[in-house]
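The primary structure of each chain is shown beneath.
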Amino acid sequence: MRVVVNPLTRICSTLCRGAGGAPKVGSLIGHADRKLNEYAPALGRAGALPRAATERETMRIERIDLYQYRLPMVRPFVISSGPMTQGHGLFVALHSEGLVGWGECPTTPSPMYCPETTGTAWHIASEYLIPSMLGADIEETQDLEPYLGRVRGHHFCKGMFDMAAWDLVSKRDGLSMARKLAQPYPEGAKERVACGWAIGIQGIAETIAAIGAARERGFQRMKLKIRPGHELALARAARLAFPDIPLMLDANSAYGLEDAPIFQAMDELRLLMIEQPLDCDDIYDHSRLHPLIKTPLCLDESIHSVGDTRLALALKACDIINIKPGRVGGWTEARRIHDLCRANGIPVWIGGMLESGLGIAAKVAIASLPGVTLPGDLEVSYMHYTLEVTEPIAINPEDSTITVPTKPGIGVEIDPAGLAAAIARHESFVSTKQVAVPEISR
Ligand code: MG
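These notes cover the structure that comes with them. Computed from a prediction, not measured in an experiment: that's the story for all the values here.

A look at the overall build of the chain
The secondary structure content of the chain amounts to 14 helices and 16 strands. Sorting the 442 residues of the chain into buried and exposed places 52% on the buried side.

So, in structure tokens, the structure goes:
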């Protein structure tokens, strides 16, 4: 049953219900706790005590709220495929047992970065995924995969539900999402994660000024977006102005193999890496470019799954992989890619889509895994947006890190006023029936 509600009314209602190779580079949750959760005023107030694994319980997805958000930007963010003028995506809230798990789909209005848009994500979520999983019983996040697997592609949309499931089960267990994700690793989650700053395409003087301003805010690793024609002059000017900063370039698939001499000319600039120079769906040509350049080569848009990762490693197409949880369909698949890369000595880092504070905090959680060894695109949202939907996430300027949240779930509190101001569309979906796990061939 679908119910269309006033966004502000529903948000307040929701919040009151509870919280819910050879690389070149080196429950006791009883009735009382449930009542506490039910009346917790904001996200993260799960109020749950850590529970032993044997006490975990199946959670039925009782209600799903889908929101479209818009976040005004401090300034347009320009990459090789075009400008981004507004934060534009979806939030989802999975309700179960008085807890709420939140997910974010950081898409764009147009298919300039990937085939998905905010519109396609709403369509897939509301017409296919939500009807499929309403009433489903899950114990762990992997239990959601058969429902998500009924839809091919649409990874950012599916990643939103997977993120919400991680938030939900982490709250049930009284664990931070970082600790929940890190359970398979003896060393556990890191306490701080290294972050970097991404600078959109602009003039050389403006770029140099932006690097200086970001350093003053505490960011050390700088990523410059590039496009054909200005990349060499830009990179040389940045290196000359800042001889010692960790500096990398991101081409967002703007080049062809015939442009190899451009990247060879960058070998002398001591770049941390060049990210995704060739086509967004290409792995083979990257494997041909790889031996031609000395700068470490990183794949981003080409990696949609652990299968793509396996192919890239087999072809020696890269030295580094940028894992965007949304791009690969969620945190569950992102952790599989992390594990594969770690087993093969391939450094990884966590990329970004200019998420809200909610998405940033969820990315911080996976960036805390032991195989994530390079600074991620974990820009604090106030650097890009004039509106926040969560409490601000602070950077530790002394070491250019973000402290990993320790509260249950994603671990940041939602700002009800900020969220209400950001929401442009909202639908609530409820069901009273249990659904069977779908049978699919994988
Ligand atoms: Mg990139």
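Side note on the sheet that holds strand β13 (residues 320-323)
One open sheet holds the 7 strands; their spatial order is β8-β9-β10-β11-β12-β13-β14, and the pairing between them is parallel. Each edge of the sheet is formed by a strand with only one pairing partner; in this case those strands are β8 (196-199) and β14 (348-350). By the bridge criterion, 4 bridges tie strand β9 (residues 221-225) to strand β10 (residues 247-250) in an arrangement that is parallel. Residue pairing in the sheet places Lys225 in a bridge with Asp250 of β10.

Some thoughts on helix α7 (residues 204-216)
Within an α-helix, residues lying three or four positions from one another point in the same direction, as the helix has 3.6 residues per turn. The end-to-end C-alpha separation of α7 is 19 Å, in line with the 18 Å expected for 13 residues at 1.5 Å each. Listed in full, the buried residues belonging to α7 are Thr207, Ile211 and Ala214. Seen along its axis, α7 keeps its buried residues to an arc of 70°; they face one direction. Among the exposed residues of α7, those pointing more than 90 degrees away from its buried face are Ala205, Glu206, Gly212 and Glu216.

Details of the pairing of β9
Summarising burial for β9: 5 of the 5 residues are buried, a large majority. Side chains Arg221, Lys223 and Lys225 project from β9 onto one buried face, and the interleaved Met222 and Leu224 project onto a second face that is buried too. Pairing of β8 with β9 involves 4 bridges; the strand directions are parallel. Residue Gly196 lies in a different strand from β9, and its bridge partner there is Arg221. This β-α-β element, β8 to α7 to β9, shows right-handed connectivity. After leaving β9, the chain enters helix α8 (residues 231-241) and then returns to the sheet as β10, a path that is right-handed.

Things to note about the packing of α7 against α8
Put simply, α7 and α8 touch, their axes get as near as 10 Å, and they point 40° apart. If you check the angle between α7 and α8, you find them oblique. Seen from above, α7 lies across α8 with right-handed handedness. Residues Ile204, Thr207, Ile208 and Ile211 of α7 form the contact with α8, whose own contacting residues are Ala233, Leu234, Ala237, Ala238 and Ala241. Class assignment of the residues belonging to the contact of α7 with α8 gives a composition of 8 nonpolar, 1 polar and no charged.

Quick notes on the packing of helix α3 (residues 118-133) against helix α5 (residues 155-173)
Here α3 crosses α5 at 60°, and the two axes come no closer than 9 Å. Here α3 is positioned oblique relative to α5, judged by the angle of their axes. The handedness of the crossing between α3 and α5 comes out as right-handed. For the pair α3 and α5, the contacting residues are Ala121, Ile124, Ala125 and Leu129 in the first and Phe156, Cys157, Lys158 and Phe161 in the second. Its residues placed into classes, the contact of α3 with α5 shows 7 nonpolar, no polar and 1 charged.

Calculation rules
- Residues numbered from 1 in each chain as written.
- Predicted model: local features only at pLDDT ≥ 70, side-chain atom pairs only at ≥ 80, totals over all residues.
- Helix = DSSP H or I, 4+ residues; strand = E, 2+ residues; numbered from the N terminus.
- Buried ≥ 20, exposed ≤ 12 C-beta atoms within 10 Å, placed from the backbone.
- Pairing = 2+ DSSP bridges.
- Expected span 1.5 Å × (residues − 1).
- Arc of directions from axis to C-beta.
- Right-handed = clockwise from strand over helix to strand, strands pointing away.
- Axes fitted to C-alpha atoms, helices over the stretch in contact; angles between N-to-C directions.
- Parallel < 35°, antiparallel > 145°, perpendicular 65-115°, else oblique.
- Left-handed = near helix turned anticlockwise from the far one by under 90°.
- Contact = placed C-beta atoms within 7 Å.
- Nonpolar A, V, L, I, M, F, W, Y, C, P; charged D, E, K, R; others polar.

Interpretation note: all reported values are geometric properties and have no functional meaning in isolation.
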